[in-house]
Amino acid sequence: MSQDKECNDRGYYGEFGGSFIPEILVATFDELKRHFREIKDDPAFWQTYSDLMSNYSCRPTPLTFAENLTRHFGGAKIYIKREDLNHTGAHKLNNVMGQGLLVKRMGKTRVIAETGAGQHGVATATMAAKFGFECTIYMGEVDVKRQRPNVFWMEQMGATVVSVTDGTRILKDAINEAFRDWVTNMDNTHYVLGTACGPHPFPEMVSFFQSIIGKEARQQILKLEGKLPTRVFACVGGGSNAMGLFQGFPDKSVECVGVEAAGHGLHTGQHASRLCSPDATVGVAQGYKTYFLQNDDGQMRETHSIAAGLDYIGVSPILSKMHQKGEARFESATDQEVIDAVKLTMRQEGIIPALESAHAFAGAFREAAELSSDDIIIINQSGRGDKDIFTVADAFGDPKWRDFIKEKALDYK
Ligand SMILES: *Cc1c(COP(=O)(O)O)cnc(C)c1O
């Protein structure tokens, strides 16, 4: 598989990536690249970073043997990498805390971020509170309405949440607005991009911080089993948790599998699959070149997934390159398969995967039985599912939950 060092100086991975930014931001990006280069090659920085993550975010996260699921499928031994046990409940904090250390080093005092589902906004607000930065989060008006609990926590942690009313009022509009802010305030402000997308050096930088997942998982499986896994599975939204895991397994013998959101089905048009569906084509948007879900005029299409965190039009240029070169395999899972995977994992293991992560579980479950007991698979549980209680309870059609919501609503009358 590809290592991030394969990108050239201009941040291209094969034909993908690059940096399509306004002239005015060039100096800011140069400054960021310079600082990132320095820390990347400095073992003392990695030590500082991993100490911070172990004291603040429960790292190293465990690699849990899923004994009951293994027995249930009767094939490969199934292990789960527990990114759900990070502070704020997902892998997102790995990236955000790493960028926070960079912000301190650059002497900046303010951070901004875009968020769709709100998870990246909460992680960024958390980091800003911890490091004492001013913080503004951009969020589409539609998402502010849908994600009230996350907006509440961001504001309580001291962040200003700006509801973006431009365009279709979702994630891509929030990204545009965050870039507009950055252009105006670049002297004191850093834009904390949330995934392994966007202009160079963000794909490389976010992947670098997330590589802590794969580094740990490799050591852990070698210690537990004395050998490498046959396959590793991760869900793919922007691609950061997948890149995090995959970087731990550059070996030819390990197959890396990314699982995208097939929503209501790839043939319905209502999905968020860029690498597995013919609906996505190569283009340039949001500062980089990759596969985008766009129509013939380059207009971005509406996407759908039961998992808000996978509902994105683009994908990491690093994964696009791996896809094109056959260095990783990409699959997809439908909303229904994902709900079934959540149910099975809860019943068998007492673990609630986030709806995003459950795509990786669904992909792995499809293949576990065809492998033998000599094979090992690792599933990256990118986050915990507690946040999804509204969606999951709806999907399960739990009548007691419906009564509870109705009664709560009446309390406010
Ligand atoms: C945001 C999110 C994702 C998707 O982001 P990637 O950059 O593709 O990793 C996946 N899982 C969880 C739990 C998330 O919060």
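S.K.: Help me out: how do you make sense of the overall build of the protein in this one?
M.R.: Counting its secondary structure elements, the protein contains 15 helices and 14 strands. For 413 residues, the compact-globule estimate of 2.2 N^0.38 gives 22 Å, and the C-alpha radius of gyration of the protein, at 20 Å, lies within 12% of that figure. By its C-alpha atoms, the protein is 60 × 55 × 50 Å across when sized along the principal axes. Every one of the 413 residues in the protein was classed for burial, and the buried ones make up 58%. When contacts within the protein are restricted to residue pairs at least 6 apart in sequence, long-range pairs at least 24 apart make up 72% of them. Of the roughly 16,900 Å² that the protein leaves accessible, carbon and sulfur atoms contribute 50%.

S.K.: Would you take a moment to explain the sheet that holds strand β14 (residues 376-381) for this structure?
M.R.: Within a sheet, each strand pairs with its neighbour through backbone hydrogen bonds, oriented either parallel or antiparallel. Read from one edge of the open sheet, six strands run β3-β4-β14-β9-β10-β13, paired in mixed fashion. For this open sheet the edge positions go to β3 (63-65) and β13 (329-334), each flanked by a neighbour on one side alone. When strand polarity is set aside, the average angle formed by the axes of neighbouring strands in this sheet is 30°. Pairing between strand β4 (residues 77-82) and β14: six bridges, direction parallel. Each residue of the ladder has a partner; that of K81, found in β14, is N380. Along the sheet, helix α9 (residues 202-225) contacts β3, β4 and β14; its crossing angle with β4, the most-contacted strand, is approximately 140°. Against the sheet, helix α12 (residues 335-349) makes contact with β3, β10 (255-263) and β13, and its axis sits at roughly 90° relative to β13, the strand it touches most.

S.K.: Any chance you could explain the pairing of strand β5 (residues 110-115) here in plain terms?
M.R.: Across a regular strand the side chains alternate sides, sitting on one face of the sheet and then on the other. Of all the six residues making up β5, six are buried; the element is thus mostly covered by neighbouring parts of the structure. In the classification by handedness, the crossover that spans β5, the intervening helix α5 (residues 119-131) and the parallel strand β6 (residues 134-140) is right-handed. Pairing analysis gives three bridges linking β5 to strand β8 (residues 189-191), with the strands arranged parallel. In the strand pairing of β8, V111 is matched with H190.

S.K.: When you look at the packing of helix α2 (residues 43-56) against α9 in this model, what are you seeing that I'm missing?
M.R.: How two helices sit against one another is set out by the angle between their axes and by the gap between those axes. It is at 12 Å that the axes of α2 and α9 come closest, and there the two elements cross at 70°. Put simply, α2 runs roughly perpendicular to α9. With respect to the hand of their crossing, α2 and α9 are arranged in right-handed fashion. On the side of α2, the interface is formed by F45, W46, Y49, S50 and M53, while α9 contributes F208, F209, S211, I212 and K215.

S.K.: Where do I start with the sheet that holds β5 in this structure?
M.R.: Read across the sheet, four strands follow the order β7-β6-β5-β8 without closing on themselves; strand pairing throughout is parallel. Strands with a single pairing partner mark the edges of an open sheet, and in this sheet they are β7 (160-164) and β8. When strand polarity is set aside, the average angle formed by the axes of neighbouring strands in this sheet is 20°.

S.K.: Is there a simple way to think about the side chain of S332 in this case?
M.R.: One can find S332 in strand β13. Using a relative accessible area of 14% as the deciding quantity, one classes S332 as buried. Once residues lying within four places of it in the same chain are set aside, the contact partners of S332 are V259, E260, A262, L266, C276, E337 and R366.

S.K.: Teacher, can you tell me more about the site of the ligand here?
M.R.: Close contacts around the ligand come from 17 residues, with K92, T195, S240, N241 and S382 the closest. T195 is positioned with one of its side-chain polar atoms (N or O) 2.5 Å from an oxygen atom of the ligand. Separating an oxygen atom of the ligand from a backbone N or O atom of G237 is a distance of 2.8 Å. Its residues assigned to classes, the shell around the ligand shows four nonpolar, eleven polar and two charged. The two domains that each donate at least three residues to the shell around the ligand are domain 1 (12-54 + 91-203) and domain 2 (60-89 + 211-396).

S.K.: Even after reading the chapter, I still don't get unusual backbone geometry, so can you show me in this structure?
M.R.: Leave glycine aside and you will find that most residues have negative phi; peptide bonds, for their part, are mostly trans. The omega torsion across R59 and P60 is -5°, close enough to zero to call that bond cis. Along the chain, P60 falls in the loop between α2 and β3. Notably, R169 is not glycine yet its phi reads approximately 60°, a positive angle. The residue R169 is located in the loop between β7 and α8 (171-185) in this model. The backbone of Q286 sits at a positive phi, close to 45°, despite the residue not being glycine.

S.K.: What is the right way to read the packing of helix α4 (residues 92-106) against α9 from this model?
M.R.: Two elements in contact, α4 and α9, have axes separated by 8 Å at closest approach and are oriented at 120°. Judged by the inter-axis angle, α4 sits oblique to α9. Seen from above, α4 lies across α9 with right-handed handedness. Contact with α4, carried on its side by K92, N94, N95, G98, Q99 and L102, involves F202, M205, V206, F209, Q210, I212 and I213 of α9 and no other residues of that element.

Each value, and the rule that gives it
Note on numbering: residues in each chain are counted from 1, in written sequence order. Since the coordinates come from a predicted model, pLDDT governs what is reported: local features require at least 70, and pairs of side-chain atoms require 80 or more to be given and counted, while whole-chain, interface and lining totals use all residues. The basis for the side-chain values is all heavy atoms of the structure; hydrogens and waters are excluded. Each helix is a run of DSSP H or I of at least 4 residues and each strand a run of E of at least 2, with the numbering of both proceeding from the N terminus. For the radius of gyration, the atom set is restricted to C-alpha positions; the globular benchmark scales as 2.2 Å times the number of residues to the power 0.38. Relative accessibility thresholds used throughout: buried, under 20% of the residue-type maximum; exposed, over 50%; partly exposed, between the two (1.4 Å probe, protein chains only). The criterion used for residue contact is that any of the two residues' heavy atoms lie within 4.5 Å. Values of accessible area rely on a 1.4 Å probe in the Shrake-Rupley scheme; residue burial ignores everything except the protein chains shown. Following DSSP output, two strands are said to pair if at least two bridges run between them. Axis geometry follows a simple rule: fit a line to the C-alpha atoms, using only the stretch in contact for helices, then measure angles between N-to-C directions, giving values from 0 to 180 degrees. With the strands aimed away from the viewer, a crossover counts as right-handed if its path from the first strand over the helix to the second runs clockwise. An angle counts as roughly parallel when it lies under 35 degrees, as roughly antiparallel when it exceeds 145, as roughly perpendicular when it falls between 65 and 115, and as oblique in every other case. Less than a right angle of anticlockwise turn of the near helix away from the far helix marks a crossing as left-handed, whereas a clockwise turn marks it as right-handed. Think of it this way: one heavy atom of a residue within 4 Å of a molecule or strand is enough to make that residue near it. Definition of a polar contact: a pair of N or O atoms within 3.5 Å, with one able to donate and the other able to accept a hydrogen when the atoms are protein atoms, and with sequence-neighbouring residues admitted only if both atoms are side-chain atoms. Only Asp, Glu, Lys and Arg are considered charged in this grouping, and only Ala, Val, Leu, Ile, Met, Phe, Trp, Tyr, Cys and Pro are considered nonpolar; every other residue, Gly among them, is considered polar. Residue ranges for the domains trace back to a domain assignment, done automatically or taken from a database.

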